[in-house]
Amino acid sequence: MHRPTPVPPTIVLVHGAFTDASSWAGVIGLLHAAGLTVRAPANPLRGLAQDAAYIRSLVRDIDVPVVLVGHDYGGAVITHAATDTDNVVALCYVAAFGLDVGECVLDITNRFTPAPVAEATFTVALPTRIPGPDHELYIRRERFHHVYAADLPPAVEKVLSVTQRPIARSALTSRSGPPAWASRPSWYAIATADRILNPTAQRFMAQRMAATEYVLDGSHAVVLSQPDAVVAMIREAAEQGDDRGDDNGLRQGFRASE
């Protein structure tokens, strides 16, 4: 008889506003090299309830434990989505919004010194014939480097600035439900040179959720500029979350024989 082999968690990466799942490219490559299974869905960016429901549905269809990772607004989404899932064993935040019950993104940004992004964004009204939110938010192309990606090569930053995924303005005022971080082990990568989400706000949220902190000297685009550091945090969360899953029975039925 062989002892059953634990199945490593699947890593689900949730991007934030103004970008898409390709922002995780460097992180995905390193996670694959480490032998981990990765999913990087397209975050709809339409509203917290809708976006969380989409991610929750995807996570529930994965039949092994999951580590949920969120960047920027993606942090608010995983906080809301993981509450009603049984297979999420750890949460990772990368310069992300870890909201508490009843909070919205603007509550956090308004609580701390305004970031440069406040004056670098503009809204666009959608044609009335298109269903959905009536306004979307973009970062001005000429300000994108300064506020979002100051530590990326100019060629990369320019591509990001013209391929932005806009976020519905109403998503910034959507209220979160009970936070998943209250019942899941959490990790938080603080980007100390962030001009989108104030680093002081990041530290506040990390400490509020009693997260294991990683302090990275990088911009809001730290998932692209420092993928190795982000992956180090994710791998630690996967390993420790994996152990906790064994202890609390979450992994029953998630084992395969050698």
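Sorry, what's going on with the environment of C104 here?
Position of C104 among the secondary structure elements: in the loop between β5 (88-96) and α4 (105-111). The sequence separation of C104 and T173 amounts to 69 residues, and the corresponding C-alpha distance is 5.2 Å. Ignoring anything within four residues of it in the chain, the contact list for C104 reads L99, L172, T173, S174 and R175.

Would you mind going over the nonpolar core with me for this structure?
Burial of nonpolar side chains together is a common tendency in soluble globular proteins. Of all hydrophobic cores here, the largest spans 53 residues; its most connected members are L68, Y73, L91, Y93, Y148, I167 and Y188. Apart from the residues lying within four places of it in its own chain, the contact partners of Y148 are A17, F18, T19, H71, I139, I196, S219, H220 and A221. Grouped together as the second largest cluster of nonpolar side chains are 29 residues, L31, A90, V94 and V222 included.

Where do I start with the side chain of S176 in this structure?
Mapped onto the secondary structure, S176 falls in the loop between β8 (167-168) and β9 (186-191). Judged by relative accessible area, S176 falls into the buried class, the value being 5%. The contact partners of S176, leaving out residues within four places of it in the chain, are L48, T79, H80, L99, D100, V101, G102 and E103.

Before we go on, may I ask you to explain the pairing of β9 in this structure?
The side chains of a regular strand alternate between the sheet's two faces. With respect to burial, β9 is a largely interior element, 6 of its 6 residues being buried. A two-sided burial pattern is seen for β9, the buried positions comprising S186, Y188 and I190 on one face and W187, A189 and A191 on the other. In this structure, β5 lies alongside β9, joined through 4 bridges in parallel fashion. By the bridge assignment, L91 is partnered in β9 with S186. As paired strands, β9 and strand β10 (residues 212-216) are joined by 5 bridges and run parallel to one another. Residue pairing for β10: I190 is matched across the bridge by V215. Note that the unit made of β9, helix α7 (residues 199-208) and β10 has a crossover that is right-handed.

Help me out: how do you make sense of the sheet that holds β9 in this one?
One key point about sheets: their strands pair by backbone hydrogen bonds, in either a parallel or an antiparallel sense. Reading across from one edge, β3-β2-β4-β5-β9-β10 is the order of the 6 strands in this open sheet, with parallel pairing throughout. Of all strands in the sheet, those with a lone pairing partner are β3 (38-39) and β10, marking the two edges. Strands β2 (10-14) and β3 of the sheet are contacted by helix α1 (residues 25-33), whose axis makes an angle of about 180° with β2. Sheet strands in contact with α7 are β5, β9 and β10, and its direction is about 165° off that of β9.

Looking at this model, I keep getting lost on the pattern of salt bridges. Mind explaining?
Oppositely charged side chains can form a pair if their charged atoms are brought close together. The final tally for this structure, using the stated rule, is 4 salt bridges. Put simply, D107 and R175 hold a salt bridge, and the shortest N to O gap is 2.3 Å. One end of the pair, D107, is in helix α4; the other, R175, is in the loop between β8 and β9, with 68 residues separating them in the sequence. A relative accessible area of 25% means that D107 is categorised as partly exposed. Overlapping salt bridges bring together E103, R111 and R208 as one network.

Just checking my understanding: could you explain α1 for this structure?
Count 3.6 residues to each turn of an α-helix, and residues three or four apart come out pointing the same way. Along α1, the residues that are buried comprise V27, I28 and L31. Seen end-on, α1 carries its buried residues on one side only, within an arc spanning 100°. At the exit of α1 stands G35, carrying a positive phi of roughly 85°.

Sorry, what's going on with the pairing of β5 here?
With 9 of 9 residues buried, β5 is to be regarded as a mostly interior element. Inspection of the sheet shows strand β4 (residues 66-72) paired to β5 by 7 bridges, in the parallel sense. Across the sheet, V67 pairs through a bridge with A90, a residue of β5. You can see the chain leave β4, run along helix α3 (residues 73-81) and come back into β5, and the turn it takes is right-handed.

Explain the environment of I234 here, please?
As for its position among the elements, I234 is in helix α9 (residues 227-248). With a relative accessible area of 0%, I234 lands in the buried category. With 47 residues separating them along the chain, I234 and W187 place their C-alpha atoms 8.1 Å apart. Those residues in contact with I234, other than ones at most four positions away along the chain, are I11, L13, V27, L31, V69 and C92.

Looking at this model, I keep getting lost on helix α6 (residues 154-162). Mind explaining?
Taken residue by residue, α6 has E157, L160 and S161 as its buried positions. The buried residues of α6 occupy an angular sector of 100° when projected down its axis, which confines them to one face. Turned more than 90 degrees off the buried face of α6, the exposed positions are A155 and K158. Packed against the buried residues of α6 are α5 (141-147) and α8 (222-225).

Reading the values: rules and limits
- Residues numbered from 1 in each chain as written.
- Predicted model: local features only at pLDDT ≥ 70, side-chain atom pairs only at ≥ 80, totals over all residues.
- Heavy atoms only, no water.
- Helix = DSSP H or I, 4+ residues; strand = E, 2+ residues; numbered from the N terminus.
- Contact = heavy atoms within 4.5 Å.
- Core = buried A, V, L, I, M, F, W, Y, C linked by side-chain atoms within 4.5 Å.
- Buried < 20%, exposed > 50% of the residue type's maximum accessible area, 1.4 Å probe, protein only.
- Pairing = 2+ DSSP bridges.
- Right-handed = clockwise from strand over helix to strand, strands pointing away.
- Axes fitted to C-alpha atoms, helices over the stretch in contact; angles between N-to-C directions.
- Salt bridge = Lys/Arg side-chain N within 4 Å of Asp/Glu carboxyl O.
- Arc of directions from axis to C-beta.

These figures capture arrangement, not role.
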